[in-house]
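# Working through the structure, step by step
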Amino acid sequence: MFDDNFYFVAEGDYEVIRETYERAIANVPPGNEKNYWRRYIYLWINYALFEELETEDLERTRQIYRTCLELIPHKKFTFSKIWLLYAQFEIRCKDLNKARKTLGMAIGMCPRDKLFRGYIELEIQLREFDRCRLLYEKFLEYGPENCATWMKFAELENLLGDTERSRGIYELAIQQPRLDMPELLWKAYIDFEVSQGESELARQLYERLLERTQHVKVWISYAKFELSTENPEKEGTDKEMSLDLARRVYERANDALRQMGDKESRVLLLEAWRDFEKVSGTPQSLDKVIEKMPRRVKKRQKIVSESGVEEGWEEVFDYLFPEDEMTRPNLKLLAAAKMWKKVKLTETTEKLSNKDN
């Protein structure tokens, strides 16, 4: 059908093309299943573009967009693309009020992320930043768990030079009870404070984050942050202080992960700590970390199904940490017994030596 239309466009037979489009859009999809409507909507889009670009009939183009929007059952589903295309058409017609009214109606009837983002992008291009703020506020009322929206809002305020407002947005964001990507939000907040040269505020954020999670990536990032406070201009005491602060974070992390019994995370931490000592530490500090590195051992354990039935054995790998081995009660007793035996052996040797003398 569309190949034939290209021929008619070349020939300039617009009435035949209109009639073909009209016959096509008359076949409304049965039922209100969005999947059935996807290709159908593109018929309307192609029809509107044909009228705008080929026949240059702007009023007919406008009517096509409006009729299409009236036809879509917005209470069940919508197509953000058609709303945005219509708004962009009105902007090309230099009717900004109609474009805004269209997008306002869209987010009122069927608020969607794509519609909010498109509307905000329009106002940013127009340098209408107060309108952007209002739209972001409505966007966050609709989806307060959306971390990307909080971050974009804070970035906008920062670009406008209002750092306090940006900080306030980040602060409000991390207090939300439910977030879809909290790790990215916290990272963005910390990076913001670092970019402002507020190292102490960034350090406080890390501490607050560690109250919520003890994830190994947070600990490693914290240690790298402390190390990054070291710069080429630092000398002597300042440089040593940065190294000590980073080392202290690694020590705290190792203790915390050991108490949690998270062996996999602890291995990752010790490897990162070892790499840090190789680059920035001393041979003595490196040896201390190497002494903490675990042995990887193979074990056999029973396979038990969900119903509690034993289904055989499997081989798994485990990690044995020297620190953990020394804290076991039986090993402590064994070590004490060995020490007692060594002392007794020394005393016996000394007595024999004294008799010989």
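Residues numbered from 1 in each chain as written. Predicted model: local features only at pLDDT ≥ 70, side-chain atom pairs only at ≥ 80, totals over all residues. Heavy atoms only, no water.

Quoted verbatim from the Function (unreviewed entry) field of the UniProt record, the comment on the protein reads "Involved in pre-mRNA splicing and cell cycle progression. Required for the spliceosome assembly and initiation of the DNA replication." Looking at the Sequence similarities (unreviewed entry) heading of the UniProt record, one finds this comment for the protein: "Belongs to the crooked-neck family." (UniProt positions renumbered as here; feature names shortened; annotations may be inferred.)

The helix and strand tally for the protein stands at 18 helices and two strands. Total accessible area on the protein is roughly 22,500 Å²; 51% of this is exposed by carbon and sulfur atoms. (Helix = DSSP H or I, 4+ residues; strand = E, 2+ residues; numbered from the N terminus. Areas by Shrake-Rupley, 256 points an atom, 1.4 Å probe, with all protein chains shown as cover.)

On to the packing of aromatic side chains. Going through the model one piece at a time under the given rule, you end up with 20 aromatic pairs. Taking the centre distance of 6.4 Å and the plane angle of 20° together, the rings of Tyr86 and Phe89 count as stacked. With a gap of three residues between them, Tyr86 and Phe89 both fall in helix α5 (residues 80-92), about one helical turn apart. Judged by relative accessible area, Tyr86 falls into the buried class, the value being 4%. Summarising the aromatic geometry, the rings of Tyr250 and Trp273 are spaced 5.9 Å apart at their centres and angled 5° between planes, so their arrangement reads as stacked. One end of the pair, Tyr250, is in helix α14 (residues 237-260); the other, Trp273, is in helix α15 (residues 263-280), and 23 residues separate them in sequence. (Phe/Tyr/Trp six-rings, centres within 6.5 Å; stacked < 30°, edge-to-face > 60°. Buried < 20%, exposed > 50% of the residue type's maximum accessible area, 1.4 Å probe, protein only.)

Further remarks concern the confidence of the model for the protein. Low-confidence regions, as indicated by low pLDDT, have predicted coordinates that should not be scrutinised in detail. Summary statistics for the protein give a mean pLDDT of 86 and a share of 86% for residues scoring 70 or more. Considering only residues more than four positions removed or in separate chains, one finds that residues 1-10, a stretch of pLDDT under 50, has 13 contacts. (pLDDT = per-residue confidence, 0-100. Contact = heavy atoms within 4.5 Å.)

With that settled, the discussion passes to the pattern of salt bridges. Counted under the stated rule, the structure contains 23 salt bridges. Between Arg18 and Glu51 there is a salt bridge whose closest N-O contact spans 2.6 Å. In this pair, Arg18 sits in helix α2 (residues 14-25) while Glu51 sits in helix α3 (residues 34-55), placing the two residues 33 residues apart along the sequence. Summarising the burial analysis for this pair, Arg18 and Glu51 share the class buried. Of the charged contacts in the structure, one is a salt bridge between Asp255 and Arg258, with a shortest N-O distance of 3.3 Å. On the criterion of helical spacing, the pair formed by Asp255 and Arg258 is a turn pair, its members being three residues apart in helix α14. The partly exposed category is assigned to Asp255, whose relative accessible area is 33%. (Salt bridge = Lys/Arg side-chain N within 4 Å of Asp/Glu carboxyl O.)

Moving on to the nonpolar core. The biggest cluster of nonpolar side chains holds 88 residues, and the ones touching the most others in it are Ile72, Ile82, Tyr170, Leu185 and Leu269. Non-local contacts of Ile82, meaning those with residues more than four positions away in its chain, are made with Ile45, Tyr65, Cys68, Leu69 and Ile72. (Core = buried A, V, L, I, M, F, W, Y, C linked by side-chain atoms within 4.5 Å.)

Our next topic: unusual backbone geometry. Although it is not a glycine, Glu56 adopts a positive phi angle of roughly 60°. Residue position: Glu56 is located in the loop between α3 and α4 (58-71). In this structure, Lys94 takes a positive phi of about 65° despite not being glycine. Inspection of the secondary structure assignment puts Lys94 in the loop between α5 and α6 (96-109).

So, about the environment of Ala173. Relative to the assigned elements, Ala173 resides in helix α10 (residues 163-174). Separated by 12 residues in sequence, Ala173 and Leu185 place their C-alpha atoms 7.9 Å apart.

A few words now on the environment of Leu210. Note that Leu210 resides in helix α12 (residues 199-212). A residue is classified by how much of its surface remains accessible, and Leu210, at 5% relative accessible area, is buried. Taking the C-alpha atoms as reference, Leu210 lies 9.6 Å from Tyr222; in sequence the two are 12 residues apart.

Among the secondary structure elements, Glu277 is positioned in helix α15. Taking the relative accessible area as the measure of exposure, Glu277 reaches 2% and is therefore buried. A polar side-chain atom of Glu277 sits 2.7 Å from a polar atom in the side chain of Ser285. Setting aside residues no more than four positions away along its own chain, Glu277 makes contact with Arg247, Thr282, Ser285, Leu286 and Val289. (Polar contact = N/O pair within 3.5 Å; in protein donor to acceptor, adjacent residues only side chain to side chain.)

Moving on: helix α16 (residues 283-292). Among all positions in α16, only Ser285, Leu286, Val289 and Lys292 are buried. When α16 is viewed along its axis, its buried side chains cluster within an angular range of 115° and face the same direction. Facing away from the buried side of α16 by more than 90 degrees, the exposed set consists of Pro283, Gln284 and Glu291. (Arc of directions from axis to C-beta.)

For Arg133, the location among the structural elements is in helix α8 (residues 129-142). The buried category is assigned to Arg133, whose relative accessible area is 17%.

For strand β1 (residues 295-304) and strand β2 (residues 310-320), the ladder comprises nine bridges, and the chain directions are antiparallel. Residue Arg296 lies in a different strand from β2, and its bridge partner there is Tyr319. (Pairing = 2+ DSSP bridges.)

With that out of the way, let us pick up α5. At 3.6 residues per turn, the α-helix brings residues three or four places apart onto the same side. Taking 1.5 Å as the rise per residue, α5 with 13 residues should run 18 Å; its terminal C-alpha atoms sit 19 Å apart, in good agreement. Restricting attention to buried positions, one finds in α5 the residues Ser80, Ile82, Trp83, Leu84, Leu85, Tyr86, Ala87, Phe89 and Glu90. Backbone geometry just after α5 places Lys94 at a positive phi near 65°. (Expected span 1.5 Å × (residues − 1).)

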